[in-house]
Amino acid sequence: MTSSSASLAVAEPVLAYDQSWKDFAFGVGENGSETDLLADFNGDGRLNIFDYAFQIVTSISGDEVGKLPSFGLTEVSTDRFAELSFRRIKDGTGDILSNAGYSVAGITYVVEWNDTLASEDWQAGSDVLEIVGSPVDNSDETETVVVRFKDPVDGVNDPKRFIRIKVEAL
């Protein structure tokens, strides 16, 4: 199993890039840099697995910016909450807040948190994280999901926490 966290770099897209490699879904028997999960076939600064998992259409200049995972704060009443928003391929099974994650088309997405970057002790679970609302259909075989820390970030005794999306492929 190949595993990598979604730390993505933004670079200029290659305008002539053909994303037909996505149709192969990195299938058995395929070869070449376009089917290698850990290659950067189009030279955009992201591994193929991330382009595929987040369905980033890099042939359209600037299109990838709104499709990358994003992190921010949102206000609810008088509290502020940390949220992670990301795109995923639709019609999968499982739960992104479980250790097994949400799986579709050979890709598994798991949202994890850690309270100290001094260790690699990343954890998943609905005891700390929650999905906000229902996934939003993007009309391109993807949906956008928002995950929030349950505890507000501006409380007096709140621990410091970090959040990431882990993307794996078989």
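Residues numbered from 1 in each chain as written. Predicted model: local features only at pLDDT ≥ 70, side-chain atom pairs only at ≥ 80, totals over all residues. Heavy atoms only, no water.

Caption draft 1: Summary view of the pairing of strand 9 (residues 142-149). For strand 9, a buried count of 7 out of 8 residues is recorded, marking the element as mostly surrounded by other parts of the structure. Relative to strand 9, strand 3 (residues 79-89) runs antiparallel, the two being bridged by 7 bridges. Following the sheet pairing, isoleucine 89 is matched in strand 9 by threonine 142. (Buried < 20%, exposed > 50% of the residue type's maximum accessible area, 1.4 Å probe, protein only. Helix = DSSP H or I, 4+ residues; strand = E, 2+ residues; numbered from the N terminus. Pairing = 2+ DSSP bridges.)

Caption draft 2: Spatial organisation of the packing of aromatic side chains. Summed over all chains, the structure comprises 4 aromatic pairs. Ring geometry for phenylalanine 50 against phenylalanine 54: centres 6.3 Å apart, planes inclined by 15°, an arrangement best described as stacked. The two residues phenylalanine 50 and phenylalanine 54 agree in class, both being buried. Members of the aromatic cluster, connected to one another through ring pairs, are Phe50, Phe54, Phe86, Tyr102 and Tyr109. (Phe/Tyr/Trp six-rings, centres within 6.5 Å; stacked < 30°, edge-to-face > 60°.)

Caption draft 3: Quick look at the pattern of salt bridges. All told, the structure shown has 7 salt bridges when counted by the stated rule. Two residues, lysine 90 and aspartate 137, come together in a salt bridge whose shortest N-O distance is 2.9 Å. Taken as a pair, lysine 90 in the loop between strand 3 and strand 4 (93-95) and aspartate 137 in strand 8 (residues 136-137) lie far apart in primary sequence, 47 residues in all. Taking the shortest distance from any N to any O, the salt bridge between aspartate 151 and arginine 161 comes out at 3.3 Å. Here the residue aspartate 151 occupies a position in the loop between strand 9 and strand 10 (162-169), and arginine 161 occupies one in the loop between strand 9 and strand 10, the gap between them amounting to 10 residues. Residue aspartate 151 is classed as partly exposed on the basis of its relative accessible area of 36%. On the basis of relative accessible area, arginine 161 is assigned to the partly exposed category, the value being 25%. A single salt-bridge network, built from bridges that share partners, covers Glu112, Arg164, Lys166 and Glu168. (Salt bridge = Lys/Arg side-chain N within 4 Å of Asp/Glu carboxyl O.)

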